[in-house]
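Here is what each chain is made of, one letter per residue.
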Amino acid sequence: MITKKFVIKNEHGLHARPASLFCSMASKFKSDIKVKREGKNMEANGKSVISILMLEIYPGSIIEISANGVDEVITLNAITALINSNFE
Amino acid sequence: MLLNEMLLIDRIKVNVEAKGWEEAIDIGGNLLIDQALIEKSYIEAVKQTLRSLGPYIVLAPGIAISHSRPENGVHKTCMSLIQLKEPVEFGHDTNDPVKVIFTLATTDKEAHLQSLRQLMSLMMVSEDLEVLFTAKDVDDIIEVINKHS
């Protein structure tokens, strides 16, 4: 398993559209993807939009993403690229 | 605002007939337009965004949350719910076809957060979700909404 931390910078945080893009990306890979947010005691399934929305991730939120599986490195790289693009 | 304060009984319809996603979005929106809670422009904005950005509002299998931005014509924070007689296609890769549509309208970024949190937790409970998909009586849906409010 590998994990990485991010600061969310896009304008409205992970609302419906970015969360949906996140899950579409996450669902392309075999690895399990878990998402946590600092200050919230919950672990979200990175392949469920509802689960991610429940984390209530806003601009400035710090999140930790972990990928676990045969393609975990490429999975996390793809997600990193998506977040760094501010979900554009 | 609690979920059951936004989603009142006269904003819920079951067994609704719609030919496609646009008509379904309109019907859900009209429940709020008819009560002067939102403007027609709000629902037009929902459809325009879907046409340009795709069906990202289909958040889970069979469920769409029709919404746009406050500045597109919202008078009061509110929500409607329609359950379709026959599900419609939105063009979503994994979550089509859609049977249940929530229309969410909010006057600012904070007003709806508590109710949205309650809606999301409802959507995590599969037996409650099943009621939204299958209820023949609005009262059964109200019972589930109250349980999560």
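This write-up is about the structure you can find in this document. Starting afresh in each chain, residues are numbered from 1 along the sequence in its written order. For this description, chains carry letters from A and ligands carry numbers from 1, given in the order in which they are written. With the structure being a predicted model, the display of local features is reserved for residues of pLDDT at least 70 and the display and counting of side-chain atom pairs for 80 or more, all residues being used for whole-chain, interface and lining totals. The side-chain values count all of the structure's non-hydrogen atoms but skip hydrogen atoms and water molecules.

Secondary structure counts use DSSP, requiring at least four H or I residues in a row for a helix and at least two E residues in a row for a strand, with both numbered from the N terminus. Assigned secondary structure in chain A consists of 3 helices and 4 strands. Starting at the N terminus and walking to the C terminus, you meet the elements of chain A as β-α-β-β-α-β-α. Here the globule rule reads 2.2 Å times residues to the power 0.38, and the radius of gyration is calculated from C-alpha atoms. The C-alpha atoms of chain A give a radius of gyration of 11 Å, which matches the 12 Å a tight globule of 88 residues would have. Along the first, second and third principal axes, the C-alpha atoms of chain A reach 30 × 30 × 20 Å. For the exposure calls, accessible area comes from a 1.4 Å probe over protein chains only, and a residue counts as buried if that area is under 20% of its type's maximum, exposed if over 50%, partly exposed in between. Every one of the 88 residues in chain A was classed for burial, and the buried ones make up 51%. Nonlocal contacts in chain A, meaning residues at least 24 apart in sequence, comprise 69% of its contacts between residues at least 6 apart. Carbon and sulfur atoms provide 50% of the accessible area of chain A, an area that totals close to 4300 Å². Seen as two clouds, the 11 positive and the 9 negative side-chain charges of chain A have centres 2 Å apart. Throughout, a contact is declared for two residues whenever any of their heavy atoms are within 4.5 Å. Areas reported here follow the Shrake-Rupley algorithm with a probe of radius 1.4 Å; residue values treat only the protein chains shown as occluding. The charge count includes Lys and Arg as positive and Asp and Glu as negative, but it does not include His or the ends of the chains. The location of each charge is read from NZ of Lys, CZ of Arg, CG of Asp or CD of Glu.

Our focus in this paragraph is the packing of aromatic side chains. Residue and element names in this part refer to chain B. When the centres of two rings from Phe, Tyr and Trp lie within 6.5 Å, Trp using its six-membered ring, the rings pair. Their planes under 30 degrees apart give stacked, over 60 give edge-to-face, and anything left gives tilted. Using the criterion set out here, one finds 1 aromatic pair over all chains in the structure. Measuring from centroid to centroid gives 5.9 Å for Trp21 and Phe90, while their planes differ by 35 degrees, and the two rings are tilted. Of this pair, Trp21 sits in helix H2 (residues 21–33) while Phe90 sits in the loop between strand S4 (78–88) and strand S5 (98–105); the two residues are 69 residues apart in sequence, bridging distant segments of the chain.

Take the sheet that holds S5 of chain B next. All names here are of chain B. Between any two strands, at least two bridges found by DSSP are needed for them to pair. With mixed pairing, 5 strands are arranged side by side in an open sheet as S1-S4-S5-S3-S2. Each having just a single partner strand, strand S1 (12–16) and strand S2 (58–60) make up the two edges of the open sheet. Along the sheet, successive strands turn relative to each other by an average axial angle of 25 degrees, direction set aside. Throughout, an axis means a line fitted to C-alpha atoms (over the contacting stretch in the case of helices), and angles, computed between N-to-C directions, take values from 0 to 180 degrees. Contacting S1, strand S3 (63–67), S4 and S5, H2 crosses the sheet at an angle of about 150 degrees to S4. The strands touched by helix H6 (residues 138–147) are S1 and S4; relative to S1, the strand with the most contacts, the crossing angle is about 130 degrees.

On to the interface of chain A and chain B. With 11 residues of chain A in contact, the opposing surface of chain B contributes 13 residues. When the two sides are added together, the surface that chain A and chain B hide from each other amounts to roughly 1200 Å², 69% of it contributed by carbon and sulfur. A simple way to read buried area is as the amount of 1.4 Å-probe accessible surface that goes missing from two parts once joined, with both sides added. Its largest share of buried area at the contact with chain B, chain A owes to Arg17, Ile50 and Met54 of chain A, together 43% of the area lost on that side. For this document, the term salt bridge refers to a Lys or Arg side-chain nitrogen within 4 Å of an Asp or Glu carboxyl oxygen. Between chain A and chain B we count 1 salt bridge in total. Note that Glu56 of chain A is salt-bridged to Arg117 of chain B, the shortest N-O span being 2.5 Å. Whenever two N or O atoms come within 3.5 Å, that pair is a polar contact, provided that in protein one can donate a hydrogen and the other can accept it, and provided that, for residues adjacent in sequence, both atoms are side-chain atoms. Our enumeration of links across chain A and chain B arrives at 2 residue pairs in polar contact (both at pLDDT 80 or more). Of all the secondary structure elements, the ones that give two or more residues to the side of chain A that touches chain B are helix H1 (16–27) and helix H2 (49–53) of chain A. Residue contributions to the side of chain A that touches chain B peak at 4 residues, all from H2 of chain A. For the side of chain A that touches chain B, the class distribution of residues is 6 nonpolar, 3 polar and 2 charged. Residue polarity is assigned by list, with Asp, Glu, Lys and Arg as charged and Ala, Val, Leu, Ile, Met, Phe, Trp, Tyr, Cys and Pro as nonpolar; anything else, Gly included, falls into the polar class.

Residue and element names in this part refer to chain A. If you trace the backbone, Glu72 turns up in helix H3 (residues 72–84). Among buried Asp, Glu, Lys and Arg side chains, Glu72 stands out as unpaired, with Lys47 the closest opposite charge at 11 Å. A distance of 3.0 Å separates a polar atom in the side chain of Glu72 from the backbone nitrogen of Gly69.

Residue and element names in this part refer to chain B. Tracing the backbone shows Asn72 in the loop between S3 and S4. Using a relative accessible area of 25% as the deciding quantity, one classes Asn72 as partly exposed. Discounting chain neighbours no more than four positions away, the residues touching Asn72 are Ser41, Tyr42 and Ala45. At a separation of 2.7 Å, a polar atom in the side chain of Asn72 contacts the side chain of Ser68.

Quick look at the packing of helix H5 (residues 126–134) of chain B against H6 of chain B now. All names here are of chain B. It is the contact of H5 with H6, at a shortest axis distance of 9 Å, that shows an interaxial angle of 150 degrees. Relative to H6, the element H5 is oriented roughly antiparallel. Crossing of H5 over H6 shows left-handed handedness. From H5, Asp128, Val131 and Leu132 reach across to H6, where they touch Asp140, Ile141, Val144 and Lys147. Orientation labels follow simple angle bins: below 35 degrees gives roughly parallel, above 145 gives roughly antiparallel, 65 to 115 gives roughly perpendicular, and whatever is left gives oblique. Take the far helix as your reference; a near helix turned counterclockwise from it by less than a right angle gives a left-handed crossing, and one turned clockwise gives a right-handed crossing.

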